[in-house]
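Read off the chains here:
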Amino acid sequence: MAQNDPALLIDLVTRLGRWLDDKRFDEARTVFTEDATADTLGGSVRGVDALAAQARRNHPADVATQHFITNPLIEVDGDRATIDANLLVVFASSTDRRVLGERYRLEAARTPDGWRIRRVAARMIWETASV
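Residues take numbers from 1 onward in each chain, read along the sequence in its written order. Since the coordinates come from a predicted model, pLDDT governs what is reported: local features require at least 70, and pairs of side-chain atoms require 80 or more to be given and counted, while whole-chain, interface and lining totals use all residues. To obtain the side-chain values, all non-hydrogen atoms of the structure were used and water was disregarded.

1. Overview of the pattern of salt bridges
In step 1: By convention in these notes, a salt bridge is any Lys or Arg side-chain nitrogen within 4 Å of a carboxyl oxygen on Asp or Glu. The final tally for this structure, using the stated rule, is 13 salt bridges.
In step 2: Its salt-bridge partner being R110, residue D5 comes within 2.9 Å of it at the nearest N-O pair. In this pair, D5 is assigned in helix α1 (residues 5-21) and R110 in strand β5 (residues 97-111), connecting sequence segments 105 residues apart.
In step 3: Only protein chains enter the area calculation, which uses a 1.4 Å probe; residues under 20% of their type maximum are buried, those over 50% are exposed, and those in between are partly exposed. The partly exposed category is assigned to R110, whose relative accessible area is 31%.
In step 4: Close ionic contact of E107 with R118 constitutes a salt bridge, the shortest N to O distance being 3.2 Å. Taken together, the residues E107 in strand β5 and R118 in strand β6 (residues 114-130) connect sequence positions eleven residues apart.
In step 5: Take R118: its relative accessible area is 27%, and that puts it in the partly exposed class.
In step 6: One network of salt bridges, in which partners are shared, links D39, E107, R118 and R119. Only DSSP runs of H or I covering at least 4 residues are called helices, and only runs of E covering at least 2 are called strands; the numbering of each starts at the N terminus.

2. Description of unusual backbone geometry
In step 1: Residue K23 is not a glycine yet carries a positive backbone phi of 55 degrees.
In step 2: Within the element layout of this structure, K23 appears in the loop between α1 and β1 (32-40).
In step 3: Here K23 falls in the partly exposed class, since its relative accessible area comes to 23%.

3. A short note on the environment of W19
In step 1: By the element assignment, W19 lies in helix α1.
In step 2: Whether two residues are in contact is decided by their heavy atoms, any of which lying within 4.5 Å being enough. Once residues lying within four places of it in the same chain are set aside, the contact partners of W19 are R24, F25, E27, A28, V31, F32, L51, A52 and A55.

4. Points about the packing of aromatic side chains
In step 1: Any Phe, Tyr or Trp ring, taking Trp's six-membered ring, that has another such ring centre within 6.5 Å forms a pair; planes under 30 degrees apart are called stacked, those over 60 apart edge-to-face, and the others tilted. According to the stated counting rule, one finds two aromatic pairs in the structure shown.
In step 2: Taking the centre distance of 5.4 Å and the plane angle of 90 degrees together, the rings of W19 and F25 count as edge-to-face.
In step 3: Taking 5.1 Å as the distance between ring centres and 70 degrees as the angle between the ring planes, the aromatic pair formed by W19 and F32 counts as edge-to-face. On the criterion of sequence distance, the pair formed by W19 in helix α1 and F32 in strand β1 is long-range, its members being 13 residues apart.
In step 4: You can call W19 buried: its relative accessible area is 1%.

Here it is in structure tokens:
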């Protein structure tokens, strides 16, 4: 493990949240590997383009989101890493609000371009909604 790997992986997790909130879905390759998979409330997909399409569907332009990804537990094994973290996400539109509490399990790989996420698994813990 390189000394700065934990900091780089925390940065990667932060970039994931910003990628979703800023709806920069065309920049998926700055966060994910080509063969990345996702198993989330929004569905299960394989491949970076399918993952970006799913994120675009589940984060529409007229709904503001804010992802708070906290308390990362990081394990690095050479060029692979696992990150367990808490996720609090707010979805807010002009008509309603949803707040989800989830647990993330992320798997990352060191690539020539830096660390990238190769697997996202999200498990919902709780949800609340208001109108």
